[in-house]
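# Inside the fold
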Amino acid sequence: MKNDTMRLGLIGYGIWGEAILQTLLALGVQPDIVETSESRRKAAIAAGARSVSAEIAALPAVDGIIVATPATNHCRLVLQLLDQFSCPLFVEKPLTADAEEARLIVRQGGTRVFVMHIWRYHPGIRALAEIARSGELGSVAGVRTVRTNWTSPRTDVDSLWNLAPHDISIALAVLGFIPAPRFVLAERQGSRICGLVGVCGESPWLALEVSNRYRDKRREVRLHCEGGVAVMTDPDAGFIEITREGDTRIPFDSRTERRPVSRESALSLELGCFIDYLGGGPVPPTDAAEGLAVVETLMCLQQMANSGGAS
């Protein structure tokens, strides 16, 4: 794919910035990078960046900007970029780590700011959303998600803000809305949340589990419906599993189907969507208002965890 005339800025070249750069290069876009670390700037040039600078003021004219920095400085950066550039922004999740900051971004930049809720672009999640919308398995009862691994390279936010934005955005993709939090059970290391189980809504509901205290990495999404369950247990497998209800009088009477989905990476799909938009294509579905809704839900879960667990 060739996008030789497209100019993109990338703010931040950490672990995720590396993945974004490599994906952009595969999509035919050579970004201009802003990175404060000298060693990381050298690494970005070696990896194929068009240019690298230490300050935003040195960023050349671009068609769009991707923000891949810690969430706690998103608000300051986004407001600065909105003031200095007229192009759209694509901001890593979560939009911010504070609802008031997210509201400020929506007020200041509304239609120019989009959020990288990567799982909204995943082919498996899109397949689950289509099953929910079509009624193929009957009425939707709820969505159950599990997202676990051991520790995290992120130090600016805890496990709730690191992991749960994905599951809240998945609920939005599959259910069409974000159920209101009802109950949480938080696991802590000192005062820091390292794991959380949350129950949101009633009909349909969202039940989520996130943790950075599991030895095994797990990424599971289960869509529960009246007529069966559709599951994605391996995001890289290239299929989802659909198990339909059989004769309820016969134990274990069910029928399971493996339905193929694209193996194209969600990062490639979401960056491709942003590039297409900059070239005159459809507006990305993950706008700043969605980012705000996810942040507000995260803050509600956090407040419930701090006050005993129930709404």
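The following refers to the structure shown.

Quick notes on the rules
Residues numbered from 1 in each chain as written. Predicted model: local features only at pLDDT ≥ 70, side-chain atom pairs only at ≥ 80, totals over all residues. Heavy atoms only, no water. Buried < 20%, exposed > 50% of the residue type's maximum accessible area, 1.4 Å probe, protein only. Helix = DSSP H or I, 4+ residues; strand = E, 2+ residues; numbered from the N terminus. Pairing = 2+ DSSP bridges. Phe/Tyr/Trp six-rings, centres within 6.5 Å; stacked < 30°, edge-to-face > 60°. Axes fitted to C-alpha atoms, helices over the stretch in contact; angles between N-to-C directions. Contact = heavy atoms within 4.5 Å. Core = buried A, V, L, I, M, F, W, Y, C linked by side-chain atoms within 4.5 Å. Parallel < 35°, antiparallel > 145°, perpendicular 65-115°, else oblique. Left-handed = near helix turned anticlockwise from the far one by under 90°. Nonpolar A, V, L, I, M, F, W, Y, C, P; charged D, E, K, R; others polar.

## As for the pairing of strand β1 (residues 8-11)
With burial as the criterion, each face of β1 is covered, one bearing L8 and L10 and the other bearing G9 and I11. Of the pairings in the sheet, the one linking β1 to strand β4 (residues 64-67) comprises four bridges and is parallel in character. Within the sheet, the bridge partner assigned to I11 lies in β4 and is V67. With three bridges joining them, β1 and strand β2 (residues 32-34) adopt parallel strand pairing. Bridging from a neighbouring strand, L10 pairs with I33 of β2.

## Thoughts on the packing of aromatic side chains
Scanning the model with the defined rule gives two aromatic pairs in all. Where F90 meets F274, the ring centres are 4.7 Å apart and the plane angle is 25°; that geometry is what we call stacked. In this pair, F90 sits in strand β5 (residues 89-92) while F274 sits in helix α7 (residues 266-278), placing the two residues 184 residues apart along the sequence. Judged by its relative accessible area of 0%, F90 falls in the buried class.

## Remarks on the sheet that holds strand β12 (residues 228-232)
Within the open sheet, the eight strands sit side by side as β8-β9-β10-β7-β11-β12-β13-β14. Their pairing is mixed. Every other strand in the sheet has two partners, leaving β8 (181-189) and β14 (254-260) as the edge strands with one partner each. Neighbour-to-neighbour, the strand axes of the sheet open up by a mean angle of 15°, direction not taken into account. Here β12 runs beside strand β13 (residues 239-245); their pairing, made up of four bridges, is antiparallel. Residue pairing in the sheet places V231 in a bridge with E241 of β13. Across the face of the sheet, helix α8 (residues 288-307) comes into contact with β8 and β9 (192-201) while running at roughly 65° to β8.

## Points about the nonpolar core
Core analysis: the largest hydrophobic core is formed by 96 residues, its most contacted members being I65 and I66. When residues in this core are grouped by element, the largest group, eleven residues, is from helix α6 (residues 159-175). Excluding residues that lie within four positions of it along the chain, I66 makes contacts with L8, G9, L10, I11, I20, L24, F90, M116, L271 and F274.

## Thoughts on the packing of helix α1 (residues 15-26) against helix α2 (residues 38-47)
Their axes nearest at 11 Å, the elements α1 and α2 cross at an angle of 20°. Relative to α2, α1 is oriented roughly parallel. Classified by chirality, the crossing of α2 by α1 is right-handed. Counting all contacts with α1, which are made through E18, L21, Q22 and L25, the residues of α2 involved are R40, A44 and A47. Taken together, the residues that form the contact of α1 with α2 break down as four nonpolar, one polar and two charged.

## Thoughts on unusual backbone geometry
Across the junction of K93 and P94, the peptide omega takes the value -15°, indicating a cis bond. Secondary-structure assignment places P94 in the loop between β5 and α4 (99-109). Located in the positive-phi region is T151, a residue other than glycine, with phi close to 60°.

## With respect to the pairing of β9
A regular strand places its side chains so that they alternate between the two faces of the sheet. When you tally the buried positions in β9, you get seven out of ten residues, the bulk of the element. By the bridge criterion, eight bridges tie β8 to β9 in an arrangement that is antiparallel. Along β9, the bridge assignment pairs P181 with C200. A loop of two residues connects β8 with β9, the two strands running antiparallel in sequence, and G190 in this loop sits at a positive phi of about 65°. Relative to strand β10 (residues 205-211), β9 runs antiparallel, the two being bridged by seven bridges.

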